[in-house]
There are 2 protein chains.
Amino acid sequence: MGEFDFIDWIRSQQAAGGLVVTAAGDDLAVLKWPTDELLLVGVDQVLDGVHFDSQVHSPREIGRKVMNRNLSDCAAMACLPAAAVATVALPAGIGVQYAKELYLGLREAADPFGCVIVGGDTASWAGKLAVTVSILGRSGGIEPVRRSGATAGEGIYVTGALGGSILGRHMNFSPRVELARRLAPLGISAMIDISDGLSRDLRHICEASGVGAIILAEKVPIHGDARTLANRDGKPALEHALHDGEDHELLFCSRAQGLRQLGAIRIGETVAERGVWIQGERNEKGEKGVKEELRPLGWEHSL
Amino acid sequence: MGEFDFIDWIRSQQAAGGLVVTAAGDDLAVLKWPTDELLLVGVDQVLDGVHFDSQVHSPREIGRKVMNRNLSDCAAMACLPAAAVATVALPAGIGVQYAKELYLGLREAADPFGCVIVGGDTASWAGKLAVTVSILGRSGGIEPVRRSGATAGEGIYVTGALGGSILGRHMNFSPRVELARRLAPLGISAMIDISDGLSRDLRHICEASGVGAIILAEKVPIHGDARTLANRDGKPALEHALHDGEDHELLFCSRAQGLRQLGAIRIGETVAERGVWIQGERNEKGEKGVKEELRPLGWEHSL
C-alpha cells in the first residue's frame, strides 16, 4: 500500500459538516469560520526518543498524545478545539497498519471534543518517527485566557496533582478543556497548561504578566506517581511535583470565589515583586518555613 | 542558548496587527478571522534525505522550501496566504544559529505574501532534521478552486515549463499565488499545483472531478532542466516533464478565453471517458501520434 491508498483510506474516515465545507482530499481543506468567534491556532510535535519511545508505546498511544497536547493548549486558552491537521514522518517500511493506528489514535483523542481532522501530510524516510498536529480553536463566547493578565494579590491554582508523569500519565492524560470552559467565566486572569513543569510554567505566566509568585510547599498537590518515583530515586516527591512537567493540568491565577468547588487547588499567590518563590512547610510550632527562589528546573530543549 | 531563549528571539521578530490579535508567545496565537472569508488550512513537511539534503542545502533554503510548498497549496486553491505555524525537529547540537536561519528562510518565503508566522514548536532530538508548516489561507473574495470541478471538453493548462526540478528548482520555486488570483476570476473549474508530477497530479484532478484527460505530447512545455537531465540519463526529456514533480506550477482546467495572455499553456483537454492519455507528436505527414495511457509515475511514498 502506498501513500495515496493511505490518503484514500483517511478520506473515507472523514466528512464535511459543521464548519467543514471541504475536508481532506484537496490541496487545502475549506472551513467556514463561525462569525464573531476568534480563531486560535498552534502546533505541537512529538518525536521518538523525546516525547515517546516507539519501542514501548503503541502508535495509538503516540497519536493520542500529540493530539492531546494540542487539546491541552486549547484548554489553557479556554477555547473549544475545532479542527486539526497532522503530519507523520514514518520510518521506511513501518507499514500502513502502523500509520492507520497513529491516525486512529489522533481520532480517539479528538473525537470526544468534536475536533475534526481536516488534512495532513504523510511521508516515509530513513529517520525516526515524528508526528505533528496543528490545531484550530474557537473562542465560543469566552474571551481567550492569555498568560499575560495576572496582577498582584491573586490566588494561584492548579487543577490536579502533579509529578511523576513519566511513569505513564504523560502518554495518557485528559485535556482539561471542559474544566477550563467552566472556570474561565468565573474570572481567570492568566492560564497555562503544565507541560514544562510547574516551576517553569509559573515563570512563563509571571514573565508575561509582569508579576511575581509565592508558592506554598504544603499546598502543592503531589501525585502518587511522584511519590513512587521519589521512593525509587531518593529525590523528594515535592521536587517531582514542581519540576517534572507533562502533567497537563491547568495552572492559573484568579481572584474569583467558588474555584475549589470546581476542583481547583490553591497553591499560592501572585505578588508585585518580580520573581518566583516557594515557601517551605510550617514547622511543628506553626512557624513559617523558609522562602526560597523556585528555580525553573523543568524541561528545556538545548539547541 | 536554550529553547526558551530561541522562543524569545522569535517573539522579538513578531508583532500583532492585521488579523493577528495575539502572536506567538502564548499557548496558542489568537486571530480575528475576516468576516465572510472562508478559511483554508493545510500542512506540509520536509524531511532530510527526502525533500532536501542537509549536507547540501542551507537552512535558509530548507526553511524557504517548506513555506513555499504551503504557499503553493494556497495558489492551487486560488486563496491568499494569511498565517502559518511551524515545527522544527533539530538534530541535537546543531546550534541556535541554524535554527534562526531556518526561521529566516520561512520568513523570506512568507513575507512577500503578507503571510505571518504566528506560532511554532521547536525540539531537539537524536534524529534528523524535519520541518513542518501549517498554513491558513483566506478566500479574499474568490471562491476556492477545488480539484473536483472539471467537466468534459475543457482545456487543460499549466503555468510553466516542467521537469528536472531536482537540479535545483525544487528548492527555489515561486509559488504562483498572484497568477492563480488573476486566473481564477476568468473561470477555472479545477486546479492543483504540480508536486507529485504532471502525470499523477492530472490523475488527482480527473479522479476528483470524474472526467478523463488527453494530453498532447507536443504541447507539454519542457524545462531546460529536463533536457539537461535527459542528456545525462538518456531518458526522453518529455518523460522528465511528465513525471518528475516538484515543479510547483499550476495545473488547471478551464473553458475561458484569455488564459494564454496570462502565461497559461494549453496542453490538452478533458474528456468524458475516464482515464488519462497522452497523444504522441504528429509525424512528418501531419498524422496524429499514438494515443497511450499516461501512467502515474510521479512520486509516491511507499508506506
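Residues numbered from 1 in each chain as written. Chains lettered and ligands numbered in written order. Predicted model: local features only at pLDDT ≥ 70, side-chain atom pairs only at ≥ 80, totals over all residues. Heavy atoms only, no water.

(A) Empty space enclosed by the protein, seen in detail. By the definition in use, this model includes three cavities of 30 Å³ or more. In this structure, the largest cavity encloses a volume near 80 Å³. Taken together, Lys32(A), Trp33(A), Pro34(A), Thr35(A), Asp36(A), Glu37(A), Lys32(B), Trp33(B), Pro34(B), Thr35(B), Asp36(B) and Glu37(B) form the lining of the largest cavity. Residues belonging to the lining of the largest cavity are distributed by class as follows: four nonpolar, two polar and six charged. The volume enclosed by the second largest cavity comes to roughly 40 Å³. For the second largest cavity, the lining is made up of 13 residues, of which Ala130(A), Thr132(A), Gln45(B), Ala130(B) and Thr132(B) are closest to its centre. Here the residues of the lining of the second largest cavity sort into seven nonpolar, six polar and no charged. (1 Å grid on protein atoms, 1.4 Å probe; cavity = no way out; pocket = protein on both sides within 12 Å on 5 of 7 lines; lining within 4 Å. Points joined across faces, edges and corners; volume = space filled by probe spheres on them. Nonpolar A, V, L, I, M, F, W, Y, C, P; charged D, E, K, R; others polar.)

(B) Inspection of the packing of helix α2 (residues 59-77) of chain B against helix α3 (residues 96-110) of chain B at higher detail. Residue and element names in this part refer to chain B. The N-to-C vectors of α2 and α3 enclose an angle of 40 degrees; their axes lie 7 Å apart at closest approach. You can see that α2 and α3 cross each other, and the crossing is right-handed. Touching Pro59, Arg60, Ile62, Gly63, Arg64, Val66, Met67, Asn68 and Leu71 of α2 are Tyr98, Glu101, Leu102, Leu104, Gly105, Leu106, Glu108, Ala109 and Ala110, all from α3. Considered class by class, the residues forming the contact of α2 with α3 number eleven nonpolar, three polar and four charged. (Axes fitted to C-alpha atoms, helices over the stretch in contact; angles between N-to-C directions. Helix = DSSP H or I, 4+ residues; strand = E, 2+ residues; numbered from the N terminus. Left-handed = near helix turned anticlockwise from the far one by under 90°. Contact = heavy atoms within 4.5 Å.)

(C) A look at the sheet that holds strand β7 (residues 155-158) of chain A. Residue and element names in this part refer to chain A. In spatial order, the strands read β8-β10-β7-β11-β9-β12-β13; together these seven strands make up an open sheet with mixed pairing. What marks the edges here is a single partner per strand, and that holds for β8 (190-193) and β13 (291-293). Averaged over all pairs of adjacent strands, the angle between strand axes in this sheet comes to 25 degrees, irrespective of strand direction. Bridge count for β7 against strand β11 (residues 265-271) is four bridges, and the pairing is antiparallel. Bridged to Gly155 within β11 is Glu269. Those strands touched by helix α2 (residues 59-77) are β8 and β10 (250-254), and its axis lies near 165 degrees from that of β8. (Pairing = 2+ DSSP bridges.)

(D) Molecular detail of the packing of aromatic side chains. All names here are of chain A. Using the criterion set out here, one finds seven aromatic pairs over all chains in the structure. On the numbers, 6.0 Å between centres and 15 degrees between planes, the contact of Phe6 with Trp9 is stacked. Pair noted here: Phe6 and Trp9 are both in helix α1 (residues 3-12), with a separation of three residues, about one helical turn. Trp9 matches Phe6 in its accessibility class, with the two residues each being buried. Counting every residue linked through ring pairs, the aromatic cluster contains Phe6, Trp9 and Tyr103. Taking the ring centre of Trp277 as reference, the NZ or CZ of Lys291 above it sits at 4.7 Å. (Phe/Tyr/Trp six-rings, centres within 6.5 Å; stacked < 30°, edge-to-face > 60°. Buried < 20%, exposed > 50% of the residue type's maximum accessible area, 1.4 Å probe, protein only. Lys NZ or Arg CZ within 6 Å of the ring centre and 35° of its normal.)

(E) Here's a closer look at the relation of the copies chain B and chain A. Once chain B has been moved 0.0 Å along the axis and rotated by 180 degrees, it coincides with chain A to within an RMSD of 0.0 Å. Given the turn and translation reported, the copies of this chain are related as if by a two-fold rotation axis. The overlap is high: 100% of the interface residues of chain B also sit at the interface in chain A, so the same surface is used on both sides. (Least-squares fit on C-alpha atoms with pLDDT ≥ 70 in both.)

(F) Fine view of the sheet that holds strand β6 (residues 130-138) of chain B. Sheet architecture is open: six strands sit in the order β1(A)-β2(A)-β3(B)-β6(B)-β4(B)-β5(B), paired in mixed fashion. Edge positions in the sheet fall to β1 (20-22) of chain A together with β5 (116-125) of chain B, since each of these pairs with one other strand and no more. Mean inter-strand twist for the sheet, computed between neighbouring axes without regard to direction, equals 20 degrees. Sheet topology note: the strand β4 (residues 80-91) of chain B/β6(B) ladder contains nine bridges and is antiparallel. Residue pairing across strands places Ala89(B) opposite Ala130(B), the latter belonging to β6(B).

(G) Here's a closer look at the interface of chain B and chain A. Taken together, the 76 residues of chain B in the interface contact 76 residues of chain A. Carbon and sulfur atoms supply 62% of the area buried between chain B and chain A, which totals about 6000 Å² over both sides. Counting across the interface, chain B meets chain A through four salt bridges. Between Arg147(B) and Asp27(A) there is a salt bridge; the shortest N-O distance is 3.3 Å. For the interface between chain B and chain A, the tally reads 16 residue pairs in polar contact (both at pLDDT 80 or more). (Buried area = accessible area lost by both parts, 1.4 Å probe. Salt bridge = Lys/Arg side-chain N within 4 Å of Asp/Glu carboxyl O. Polar contact = N/O pair within 3.5 Å; in protein donor to acceptor, adjacent residues only side chain to side chain.)

(H) Focus on the pairing of β8(A). Residue and element names in this part refer to chain A. What you see with β8 is no split at all: Ala190 and Ile192 on one side and Met191 and Asp193 on the other are buried throughout. In the sheet, β8 pairs with β10 via four bridges, with the strands oriented antiparallel. In the strand pairing of β10, Met191 is matched with Phe252.

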